[in-house]
Amino acid sequence: MNAIKKYFDKIRPNFEEGGKLHALRSVYEGFESFLFVPNATSTSGASIHDSIDSKRIMSFVVIALIPALLFGMYNVGYQNYLAAGKLATASFWSIFGFGFLAVLPKILVSYIVGLGIEFAWAQWKGEEIQEGYLVSGIIIPLIIPVTTPLWILALACAFAVIFCKEIFGGTGMNIFNVAVGARMFLFFSYPSKMTGDAVWVASHSIFGLGNTLTLPDALTTATPLAHVAQGTPLDASVCDMVTGFIPGCIGETSVIAIAIGAVILLWTGIASWKTMLSVFVGGSVMGVIFHATGASSIEWWEQLILGGFCFGAVFMATDPVTSARTETGKWIYGFIVGAMAIIVRVKNQGYPEGMMLAIFFGNMIAPLIDYCVVECNISKRAKRSKVSE
(Lines give C-alpha, C1' and ligand atoms only; values in the text may rest on other atoms or scores of the structure.)
Protein backbone atom coordinates (compact mmCIF):
# COMPACT_ATOMS: atom_id res chain seq x y z
CA MET A 1 0.00 0.00 0.00
CA ASN A 2 2.93 2.35 0.63
CA ALA A 3 3.99 2.02 -3.00
CA ILE A 4 0.46 2.86 -4.16
CA LYS A 5 0.34 5.82 -1.77
CA LYS A 6 3.65 7.15 -3.12
CA TYR A 7 2.37 6.81 -6.68
CA PHE A 8 -0.78 8.76 -5.84
CA ASP A 9 1.32 11.48 -4.20
CA LYS A 10 3.54 11.60 -7.28
CA ILE A 11 0.72 12.15 -9.75
CA ARG A 12 -1.28 14.49 -7.48
CA PRO A 13 0.07 17.73 -9.07
CA ASN A 14 -1.39 16.69 -12.42
CA PHE A 15 -4.89 16.80 -10.94
CA GLU A 16 -4.55 19.99 -8.91
CA GLU A 17 -5.45 23.49 -10.09
CA GLY A 18 -3.41 24.25 -13.19
CA GLY A 19 -2.44 20.62 -13.79
CA LYS A 20 -2.92 19.02 -17.18
CA LEU A 21 -5.50 16.59 -15.76
CA HIS A 22 -7.30 19.10 -13.54
CA ALA A 23 -10.63 18.26 -15.23
CA LEU A 24 -10.38 14.74 -13.76
CA ARG A 25 -9.68 15.89 -10.20
CA SER A 26 -12.88 14.39 -8.81
CA VAL A 27 -11.97 10.99 -10.28
CA TYR A 28 -8.52 11.14 -8.67
CA GLU A 29 -9.94 12.16 -5.30
CA GLY A 30 -12.55 9.42 -5.53
CA PHE A 31 -9.97 6.68 -5.98
CA GLU A 32 -7.66 8.20 -3.35
CA SER A 33 -10.38 8.50 -0.70
CA PHE A 34 -11.53 4.95 -1.44
CA LEU A 35 -8.03 3.50 -0.95
CA PHE A 36 -6.74 5.77 1.82
CA VAL A 37 -7.99 7.90 4.69
CA PRO A 38 -7.99 11.55 3.50
CA ASN A 39 -5.35 13.68 5.24
CA ALA A 40 -7.29 16.92 4.84
CA THR A 41 -8.48 18.56 8.06
CA SER A 42 -10.88 21.41 8.69
CA THR A 43 -9.35 24.78 9.50
CA SER A 44 -12.44 26.52 10.86
CA GLY A 45 -15.83 25.77 12.33
CA ALA A 46 -16.90 23.09 14.76
CA SER A 47 -15.61 19.57 14.12
CA ILE A 48 -16.36 16.20 15.71
CA HIS A 49 -13.55 13.65 15.79
CA ASP A 50 -14.89 10.18 15.10
CA SER A 51 -13.40 6.96 13.77
CA ILE A 52 -16.46 6.40 11.57
CA ASP A 53 -16.81 8.13 8.22
CA SER A 54 -19.01 7.39 5.24
CA LYS A 55 -16.41 5.06 3.69
CA ARG A 56 -16.23 2.93 6.83
CA ILE A 57 -20.02 2.87 7.16
CA MET A 58 -20.38 1.65 3.58
CA SER A 59 -17.62 -0.92 4.12
CA PHE A 60 -19.37 -2.38 7.17
CA VAL A 61 -22.67 -2.64 5.29
CA VAL A 62 -20.96 -4.42 2.39
CA ILE A 63 -19.34 -6.84 4.85
CA ALA A 64 -22.76 -7.46 6.43
CA LEU A 65 -24.17 -8.27 2.98
CA ILE A 66 -21.52 -10.87 2.16
CA PRO A 67 -23.27 -13.82 3.93
CA ALA A 68 -26.49 -13.17 1.97
CA LEU A 69 -24.49 -12.78 -1.24
CA LEU A 70 -22.53 -16.00 -0.81
CA PHE A 71 -25.58 -18.03 0.14
CA GLY A 72 -27.52 -16.47 -2.72
CA MET A 73 -24.87 -17.67 -5.15
CA TYR A 74 -25.06 -21.17 -3.72
CA ASN A 75 -28.86 -21.20 -3.82
CA VAL A 76 -28.85 -20.16 -7.48
CA GLY A 77 -26.83 -23.26 -8.28
CA TYR A 78 -28.89 -25.36 -5.87
CA GLN A 79 -32.17 -24.44 -7.60
CA ASN A 80 -30.70 -25.17 -11.03
CA TYR A 81 -29.46 -28.63 -10.09
CA LEU A 82 -32.67 -29.35 -8.17
CA ALA A 83 -34.82 -28.48 -11.19
CA ALA A 84 -32.64 -30.69 -13.39
CA GLY A 85 -32.91 -33.60 -10.96
CA LYS A 86 -29.14 -33.79 -10.53
CA LEU A 87 -28.74 -32.34 -7.06
CA ALA A 88 -27.75 -35.64 -5.45
CA THR A 89 -24.75 -36.09 -7.75
CA ALA A 90 -23.58 -32.46 -7.80
CA SER A 91 -20.61 -31.33 -5.69
CA PHE A 92 -20.59 -28.23 -3.49
CA TRP A 93 -18.13 -26.43 -5.75
CA SER A 94 -20.03 -27.15 -8.94
CA ILE A 95 -23.22 -25.80 -7.34
CA PHE A 96 -21.51 -22.73 -5.92
CA GLY A 97 -19.41 -22.20 -9.05
CA PHE A 98 -22.49 -22.09 -11.26
CA GLY A 99 -24.20 -19.64 -8.91
CA PHE A 100 -21.08 -17.48 -8.76
CA LEU A 101 -20.87 -17.27 -12.55
CA ALA A 102 -24.60 -16.52 -12.80
CA VAL A 103 -24.56 -13.70 -10.23
CA LEU A 104 -21.17 -12.10 -10.96
CA PRO A 105 -22.24 -10.41 -14.24
CA LYS A 106 -25.14 -8.73 -12.44
CA ILE A 107 -22.83 -7.32 -9.78
CA LEU A 108 -20.43 -6.07 -12.44
CA VAL A 109 -23.19 -4.42 -14.48
CA SER A 110 -24.62 -2.80 -11.37
CA TYR A 111 -21.30 -1.28 -10.34
CA ILE A 112 -20.15 -0.34 -13.83
CA VAL A 113 -23.37 1.48 -14.69
CA GLY A 114 -24.00 3.01 -11.27
CA LEU A 115 -20.45 4.12 -10.53
CA GLY A 116 -20.00 5.25 -14.12
CA ILE A 117 -22.94 7.62 -13.77
CA GLU A 118 -21.69 8.79 -10.36
CA PHE A 119 -18.24 9.54 -11.79
CA ALA A 120 -19.71 11.35 -14.81
CA TRP A 121 -22.10 13.34 -12.61
CA ALA A 122 -19.29 14.38 -10.25
CA GLN A 123 -17.18 15.51 -13.22
CA TRP A 124 -20.06 17.49 -14.66
CA LYS A 125 -20.89 19.18 -11.36
CA GLY A 126 -17.29 19.58 -10.23
CA GLU A 127 -18.01 17.74 -6.97
CA GLU A 128 -16.36 14.95 -5.02
CA ILE A 129 -17.33 11.36 -5.78
CA GLN A 130 -19.29 9.87 -2.90
CA GLU A 131 -19.15 6.28 -1.63
CA GLY A 132 -22.92 5.82 -1.38
CA TYR A 133 -23.28 3.52 -4.37
CA LEU A 134 -20.87 0.96 -2.91
CA VAL A 135 -23.80 -0.43 -0.93
CA SER A 136 -26.55 0.14 -3.51
CA GLY A 137 -24.40 -1.53 -6.15
CA ILE A 138 -24.41 -4.84 -4.29
CA ILE A 139 -27.96 -4.64 -2.90
CA ILE A 140 -29.61 -4.19 -6.31
CA PRO A 141 -28.38 -7.54 -7.73
CA LEU A 142 -29.50 -9.26 -4.52
CA ILE A 143 -33.14 -8.14 -4.79
CA ILE A 144 -33.80 -9.33 -8.33
CA PRO A 145 -34.43 -12.77 -9.86
CA VAL A 146 -31.38 -14.51 -11.26
CA THR A 147 -32.87 -14.53 -14.78
CA THR A 148 -33.19 -10.73 -15.00
CA PRO A 149 -31.57 -9.64 -18.30
CA LEU A 150 -28.44 -7.54 -17.86
CA TRP A 151 -29.69 -4.73 -20.10
CA ILE A 152 -32.81 -4.35 -17.96
CA LEU A 153 -30.64 -4.30 -14.84
CA ALA A 154 -28.48 -1.58 -16.42
CA LEU A 155 -31.57 0.54 -17.13
CA ALA A 156 -32.78 0.10 -13.55
CA CYS A 157 -29.41 1.13 -12.10
CA ALA A 158 -29.25 4.20 -14.32
CA PHE A 159 -32.80 5.21 -13.43
CA ALA A 160 -32.22 4.74 -9.70
CA VAL A 161 -28.95 6.65 -9.55
CA ILE A 162 -30.22 9.59 -11.61
CA PHE A 163 -33.82 9.96 -10.46
CA CYS A 164 -33.62 8.61 -6.90
CA LYS A 165 -30.29 10.12 -5.90
CA GLU A 166 -28.44 12.61 -8.06
CA ILE A 167 -31.34 14.95 -8.82
CA PHE A 168 -31.83 15.32 -5.05
CA GLY A 169 -28.20 16.36 -4.56
CA GLY A 170 -26.34 13.07 -4.25
CA THR A 171 -25.40 10.89 -1.29
CA GLY A 172 -27.08 11.97 1.92
CA MET A 173 -29.66 14.15 0.17
CA ASN A 174 -31.90 11.54 -1.48
CA ILE A 175 -35.31 10.85 0.04
CA PHE A 176 -35.76 7.45 -1.64
CA ASN A 177 -33.55 4.42 -1.19
CA VAL A 178 -31.64 3.88 -4.45
CA ALA A 179 -31.99 0.09 -4.42
CA VAL A 180 -35.73 0.35 -3.74
CA GLY A 181 -36.02 2.77 -6.67
CA ALA A 182 -34.29 0.25 -8.94
CA ARG A 183 -36.58 -2.55 -7.78
CA MET A 184 -39.70 -0.42 -8.28
CA PHE A 185 -38.55 0.52 -11.78
CA LEU A 186 -38.02 -3.12 -12.68
CA PHE A 187 -41.33 -4.31 -11.27
CA PHE A 188 -43.54 -1.71 -12.89
CA SER A 189 -41.63 -1.48 -16.19
CA TYR A 190 -40.86 -5.18 -16.74
CA PRO A 191 -43.24 -7.14 -14.49
CA SER A 192 -42.89 -10.35 -16.50
CA LYS A 193 -39.16 -10.38 -15.69
CA MET A 194 -39.72 -9.91 -11.97
CA THR A 195 -42.63 -12.21 -11.13
CA GLY A 196 -44.13 -15.49 -12.26
CA ASP A 197 -42.93 -19.08 -12.15
CA ALA A 198 -40.26 -18.85 -14.86
CA VAL A 199 -37.89 -16.23 -13.42
CA TRP A 200 -36.46 -17.92 -10.32
CA VAL A 201 -34.24 -20.64 -11.79
CA ALA A 202 -31.24 -20.05 -14.05
CA SER A 203 -31.92 -22.24 -17.06
CA HIS A 204 -28.64 -22.21 -19.01
CA SER A 205 -25.32 -23.84 -18.19
CA ILE A 206 -22.25 -21.61 -17.87
CA PHE A 207 -18.79 -22.80 -18.89
CA GLY A 208 -19.80 -26.41 -18.35
CA LEU A 209 -21.32 -25.81 -14.95
CA GLY A 210 -25.04 -26.10 -14.23
CA ASN A 211 -27.72 -27.49 -16.47
CA THR A 212 -29.66 -26.25 -19.48
CA LEU A 213 -33.29 -26.69 -18.51
CA THR A 214 -36.21 -27.28 -20.81
CA LEU A 215 -39.25 -25.03 -20.51
CA PRO A 216 -41.40 -27.40 -18.43
CA ASP A 217 -38.62 -27.63 -15.82
CA ALA A 218 -38.13 -23.89 -15.66
CA LEU A 219 -41.83 -23.07 -15.51
CA THR A 220 -42.77 -25.24 -12.54
CA THR A 221 -40.93 -23.28 -9.84
CA ALA A 222 -42.91 -20.77 -7.77
CA THR A 223 -41.93 -18.93 -4.62
CA PRO A 224 -43.73 -19.77 -1.35
CA LEU A 225 -45.45 -16.37 -1.40
CA ALA A 226 -46.73 -17.11 -4.90
CA HIS A 227 -48.27 -20.33 -3.58
CA VAL A 228 -49.96 -18.33 -0.82
CA ALA A 229 -51.29 -15.76 -3.29
CA GLN A 230 -52.65 -18.55 -5.50
CA GLY A 231 -54.32 -20.26 -2.54
CA THR A 232 -52.22 -23.42 -2.78
CA PRO A 233 -50.45 -25.04 0.19
CA LEU A 234 -46.81 -24.19 0.89
CA ASP A 235 -44.46 -26.78 -0.58
CA ALA A 236 -41.43 -25.71 1.48
CA SER A 237 -40.57 -26.84 5.00
CA VAL A 238 -39.86 -24.40 7.82
CA CYS A 239 -36.23 -25.52 7.74
CA ASP A 240 -35.93 -24.66 4.04
CA MET A 241 -37.63 -21.29 4.58
CA VAL A 242 -35.20 -20.36 7.35
CA THR A 243 -32.03 -21.67 5.72
CA GLY A 244 -33.07 -20.27 2.33
CA PHE A 245 -33.24 -23.30 0.02
CA ILE A 246 -36.32 -21.94 -1.72
CA PRO A 247 -36.88 -20.02 -4.97
CA GLY A 248 -36.66 -16.25 -4.66
CA CYS A 249 -34.56 -13.21 -5.35
CA ILE A 250 -30.84 -13.87 -5.15
CA GLY A 251 -30.08 -12.53 -1.68
CA GLU A 252 -33.46 -12.59 0.04
CA THR A 253 -34.09 -16.27 0.81
CA SER A 254 -31.82 -17.11 3.76
CA VAL A 255 -33.00 -15.81 7.13
CA ILE A 256 -29.81 -17.12 8.75
CA ALA A 257 -27.50 -15.24 6.36
CA ILE A 258 -29.54 -12.06 6.78
CA ALA A 259 -29.48 -12.48 10.58
CA ILE A 260 -25.67 -12.62 10.48
CA GLY A 261 -25.70 -9.35 8.57
CA ALA A 262 -28.12 -7.86 11.09
CA VAL A 263 -25.79 -8.75 13.96
CA ILE A 264 -22.89 -7.03 12.18
CA LEU A 265 -24.92 -3.88 11.52
CA LEU A 266 -26.24 -3.68 15.09
CA TRP A 267 -22.88 -4.52 16.68
CA THR A 268 -21.13 -1.77 14.72
CA GLY A 269 -23.94 0.70 15.37
CA ILE A 270 -24.55 1.27 11.67
CA ALA A 271 -28.24 0.33 11.74
CA SER A 272 -30.85 1.46 14.22
CA TRP A 273 -32.21 -1.38 16.35
CA LYS A 274 -35.36 0.65 16.94
CA THR A 275 -36.14 0.84 13.23
CA MET A 276 -35.26 -2.80 12.62
CA LEU A 277 -37.27 -4.11 15.56
CA SER A 278 -40.30 -1.95 14.82
CA VAL A 279 -40.45 -3.27 11.25
CA PHE A 280 -40.78 -6.81 12.60
CA VAL A 281 -43.29 -5.66 15.22
CA GLY A 282 -45.46 -3.99 12.58
CA GLY A 283 -45.31 -7.05 10.34
CA SER A 284 -46.08 -9.37 13.25
CA VAL A 285 -49.12 -7.35 14.36
CA MET A 286 -50.65 -7.33 10.88
CA GLY A 287 -49.77 -10.99 10.37
CA VAL A 288 -51.61 -11.94 13.58
CA ILE A 289 -54.64 -9.84 12.62
CA PHE A 290 -54.93 -11.23 9.09
CA HIS A 291 -54.44 -14.83 10.22
CA ALA A 292 -56.97 -14.45 13.04
CA THR A 293 -59.58 -12.99 10.67
CA GLY A 294 -58.97 -15.66 8.03
CA ALA A 295 -57.61 -13.18 5.48
CA SER A 296 -54.27 -15.03 5.40
CA SER A 297 -53.73 -18.78 5.34
CA ILE A 298 -50.23 -18.70 6.84
CA GLU A 299 -49.03 -17.92 10.36
CA TRP A 300 -47.73 -14.47 11.26
CA TRP A 301 -44.16 -15.70 11.67
CA GLU A 302 -44.23 -17.25 8.21
CA GLN A 303 -44.98 -13.80 6.81
CA LEU A 304 -41.75 -12.57 8.36
CA ILE A 305 -39.42 -15.28 7.06
CA LEU A 306 -40.79 -15.42 3.51
CA GLY A 307 -39.99 -13.14 0.59
CA GLY A 308 -37.92 -10.02 1.08
CA PHE A 309 -39.29 -9.05 4.49
CA CYS A 310 -36.17 -9.87 6.50
CA PHE A 311 -33.79 -8.49 3.89
CA GLY A 312 -35.76 -5.26 3.58
CA ALA A 313 -36.08 -4.84 7.34
CA VAL A 314 -32.35 -5.33 7.95
CA PHE A 315 -30.61 -3.70 4.99
CA MET A 316 -33.05 -1.25 3.41
CA ALA A 317 -35.57 0.05 5.93
CA THR A 318 -32.64 0.96 8.22
CA ASP A 319 -30.97 3.19 5.62
CA PRO A 320 -29.98 6.20 7.80
CA VAL A 321 -30.49 8.64 4.93
CA THR A 322 -34.00 7.71 3.80
CA SER A 323 -35.53 6.50 7.08
CA ALA A 324 -36.80 8.54 10.03
CA ARG A 325 -34.05 10.13 12.11
CA THR A 326 -35.78 11.11 15.33
CA GLU A 327 -35.81 8.43 18.03
CA THR A 328 -39.60 8.35 18.30
CA GLY A 329 -39.92 8.62 14.54
CA LYS A 330 -37.86 5.45 14.07
CA TRP A 331 -40.48 3.43 15.95
CA ILE A 332 -43.33 4.93 13.93
CA TYR A 333 -41.54 4.62 10.60
CA GLY A 334 -40.52 1.01 11.14
CA PHE A 335 -43.96 -0.05 12.32
CA ILE A 336 -45.62 1.52 9.26
CA VAL A 337 -43.17 -0.18 6.87
CA GLY A 338 -43.65 -3.62 8.45
CA ALA A 339 -47.44 -3.31 8.67
CA MET A 340 -47.81 -2.02 5.12
CA ALA A 341 -45.68 -4.84 3.70
CA ILE A 342 -48.08 -7.44 5.07
CA ILE A 343 -51.15 -5.41 4.05
CA VAL A 344 -49.94 -5.26 0.45
CA ARG A 345 -49.18 -8.99 0.43
CA VAL A 346 -52.56 -10.03 1.74
CA LYS A 347 -54.85 -7.50 0.08
CA ASN A 348 -53.20 -7.26 -3.35
CA GLN A 349 -52.98 -10.73 -4.88
CA GLY A 350 -51.19 -9.36 -7.92
CA TYR A 351 -48.30 -8.15 -5.75
CA PRO A 352 -47.40 -11.05 -3.42
CA GLU A 353 -44.19 -9.46 -2.10
CA GLY A 354 -44.98 -5.99 -0.71
CA MET A 355 -41.78 -5.13 1.18
CA MET A 356 -40.18 -2.88 -1.42
CA LEU A 357 -43.39 -0.96 -1.96
CA ALA A 358 -43.73 -0.52 1.81
CA ILE A 359 -40.18 0.84 2.14
CA PHE A 360 -40.78 3.20 -0.79
CA PHE A 361 -43.89 4.54 0.93
CA GLY A 362 -42.01 4.74 4.24
CA ASN A 363 -39.26 6.79 2.59
CA MET A 364 -41.92 9.13 1.27
CA ILE A 365 -43.42 9.88 4.68
CA ALA A 366 -40.25 9.69 6.81
CA PRO A 367 -39.64 13.48 6.65
CA LEU A 368 -43.27 14.07 7.65
CA ILE A 369 -42.90 11.69 10.60
CA ASP A 370 -39.78 13.51 11.80
CA TYR A 371 -41.47 16.89 11.35
CA CYS A 372 -44.48 15.83 13.41
CA VAL A 373 -42.27 14.39 16.15
CA VAL A 374 -40.18 17.56 16.36
CA GLU A 375 -43.25 19.81 16.39
CA CYS A 376 -44.82 17.68 19.10
CA ASN A 377 -41.69 17.99 21.23
CA ILE A 378 -41.61 21.75 20.71
CA SER A 379 -45.26 21.98 21.74
CA LYS A 380 -44.64 19.91 24.89
CA ARG A 381 -41.67 22.06 25.88
CA ALA A 382 -43.66 25.23 25.32
CA LYS A 383 -46.42 23.92 27.60
CA ARG A 384 -43.89 22.97 30.30
CA SER A 385 -42.32 26.41 30.19
CA LYS A 386 -45.73 28.06 30.63
CA VAL A 387 -46.51 25.86 33.63
CA SER A 388 -43.17 26.67 35.27
CA GLU A 389 -43.81 30.40 34.86
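The next thing to look at is the overall build of the protein chain. Counting secondary structure elements, the protein chain contains 16 helices and zero strands. A burial count over the protein chain gives 49% of its 389 residues as buried. Within the protein chain, residue pairs in contact and separated by at least 24 positions form 71% of the contacts whose partners lie at least 6 positions apart. With the model as given, the accessible surface of the protein chain reaches about 18,900 Å², and the carbon-plus-sulfur share is 66%.

Bringing a nonpolar patch on the surface into the picture now. Residues Leu266, Trp273, Leu277, Val281, Val285, Ile289, Trp331, Ile332 and Phe335 make up a contiguous nonpolar surface patch of about 740 Å² in total accessible area. Within the residue set of the nonpolar patch, elements represented by two or more residues are helix H12 (273-292) and helix H15 (327-347). Tallying contributions element by element places H12 first for the nonpolar patch, with five residues. Here tryptophan 273 lies in helix H12. Take tryptophan 273: its relative accessible area is 49%, and that puts it in the partly exposed class.

On the surface, Lys380, Arg381, Lys383, Arg384 and Lys386 cluster together to form a positively charged patch. Residue classification places arginine 384 among the exposed positions, given a relative accessible area of 53%.

Next up on the list: helix H7 (residues 178-189). In this model, H7 (12 residues) spans 16 Å end to end at C-alpha, consistent with the 16 Å of a helix rising 1.5 Å per residue. Taken across its 12 residues, H7 has 10 buried, putting it largely inside the fold. When we look at burial in H7, the residues that qualify are Val178, Ala179, Val180, Gly181, Ala182, Arg183, Met184, Phe185, Leu186 and Phe187. Its side-chain oxygen placed 2.9 Å from the backbone nitrogen of alanine 179, asparagine 177 serves as the N-cap of H7.

Further remarks concern the pattern of salt bridges. Inspection of every chain in the model, using the stated rule, returns five salt bridges. For glutamate 327, the salt bridge is made with lysine 274, and the minimal N-O distance between the two is 2.7 Å. Residue glutamate 327 is found in helix H15, and its partner lysine 274 is found in helix H12; the two are separated by 53 residues along the sequence. Exposure remark for lysine 274: the relative accessible area of 18% places this residue in the buried category. For the salt bridge of arginine 345 with glutamate 353, the shortest nitrogen-to-oxygen distance reads 3.4 Å.

A separate point is the packing of helix H5 (residues 133-142) against H7. The contact between H5 and H7 brings their axes to 8 Å, and the two run at 35°. Viewed along their axes, H5 and H7 form a crossing whose handedness is right-handed. Every residue of H7 that contacts H5 at Tyr133, Ser136, Ile139 and Ile140 is listed here: Val178, Ala179 and Ala182. Of the residues assigned to the contact of H5 with H7, the class counts are six nonpolar, one polar and no charged.

Per-residue pLDDT for the protein chain averages 87, and the proportion of residues at 70 or more is 88%. Averaged over each element, pLDDT in the protein chain is lowest for helix H8 (residues 215-218) (53) and highest for helix H11 (residues 255-267) (97).

For the rest of this paragraph, the subject is the packing of helix H4 (residues 92-125) against H5. Interhelical geometry of H4 versus H5 gives an angle of 145° and a closest axis separation of 8 Å. Where H4 crosses over H5, the handedness of that crossing is right-handed. Across from Lys106, Ile107, Ser110, Tyr111, Gly114, Leu115 and Glu118 in H4, the residues of H5 making contact are Tyr133, Leu134, Ser136, Gly137, Ile138, Ile140 and Pro141. Among the residues forming the contact of H4 with H5, the class breakdown is eight nonpolar, four polar and two charged.

A few words now on H15. Each α-helix turn comprises 3.6 residues. Residues three or four places apart therefore point the same way. Its 21 residues place the ends of H15 31 Å apart at the C-alpha level, agreeing with the 30 Å of an ideal helix rising 1.5 Å per residue. Every buried residue of H15 is listed here: Gly329, Lys330, Tyr333, Gly334, Val337, Gly338, Ala339, Ala341, Ile342, Val344, Arg345 and Val346.

Turning to the nonpolar core, a few remarks are in order. One finds Leu65, Ile139, Phe311, Phe315 and Met316 to be the most contacted residues of the largest nonpolar core, which totals 95 residues. Ranked by the residues each element gives to this core, the list is headed by helix H3 (residues 54-84), at 12 residues. Apart from the residues within four sequence positions on either side, isoleucine 139 is in contact with Leu65, Ala179, Phe311, Phe315 and Met316.

Attention now goes to the side chain of threonine 322. With respect to the element layout, threonine 322 can be found in the loop between helix H14 (309-316) and H15. The buried category is assigned to threonine 322, whose relative accessible area is 2%. Separated by 2.9 Å, the side chains of threonine 322 and aspartate 319 make a polar contact.

Moving on, we come to the packing of aromatic side chains. Inspection of every chain in the model, using the stated rule, returns 21 aromatic pairs. Relative to phenylalanine 245, the ring of phenylalanine 71 lies with its centre 5.1 Å away and its plane at 65°, an arrangement referred to as edge-to-face. One end of the pair, phenylalanine 71, is in helix H3; the other, phenylalanine 245, is in the loop between helix H10 (238-243) and H11, and 174 residues separate them in sequence. Residue phenylalanine 71 is classed as buried on the basis of its relative accessible area, which comes to 15%. Their ring planes at 85° and their centres at 6.2 Å tell us that tyrosine 111 and tyrosine 133 sit as a pair that is edge-to-face. Of this pair, tyrosine 111 sits in helix H4 while tyrosine 133 sits in helix H5; the two residues are 22 residues apart in sequence, bridging distant segments of the chain. The same class applies to tyrosine 111 as to tyrosine 133, namely buried. Through a chain of ring-to-ring contacts, three or more aromatic side chains come together here, namely Phe71, Tyr74, Tyr78, Phe92, Trp93, Phe96, Phe100 and Phe245.

Each value, and the rule that gives it
- Residues numbered from 1 in each chain as written.
- Predicted model: local features only at pLDDT ≥ 70, side-chain atom pairs only at ≥ 80, totals over all residues.
- Heavy atoms only, no water.
- Helix = DSSP H or I, 4+ residues; strand = E, 2+ residues; numbered from the N terminus.
- Buried < 20%, exposed > 50% of the residue type's maximum accessible area, 1.4 Å probe, protein only.
- Contact = heavy atoms within 4.5 Å.
- Areas by Shrake-Rupley, 256 points an atom, 1.4 Å probe, with all protein chains shown as cover.
- Patch = residues over 30% accessible without salt bridge, like charges linked within 9 Å, V, L, I, M, F, W, Y side chains within 5 Å.
- Salt bridge = Lys/Arg side-chain N within 4 Å of Asp/Glu carboxyl O.
- Lys, Arg positive; Asp, Glu negative; His and termini not counted.
- Charge placed at Lys NZ, Arg CZ, Asp CG, Glu CD.
- Expected span 1.5 Å × (residues − 1).
- Polar contact = N/O pair within 3.5 Å; in protein donor to acceptor, adjacent residues only side chain to side chain.
- Axes fitted to C-alpha atoms, helices over the stretch in contact; angles between N-to-C directions.
- Left-handed = near helix turned anticlockwise from the far one by under 90°.
- Nonpolar A, V, L, I, M, F, W, Y, C, P; charged D, E, K, R; others polar.
- pLDDT = per-residue confidence, 0-100.
- Core = buried A, V, L, I, M, F, W, Y, C linked by side-chain atoms within 4.5 Å.
- Phe/Tyr/Trp six-rings, centres within 6.5 Å; stacked < 30°, edge-to-face > 60°.

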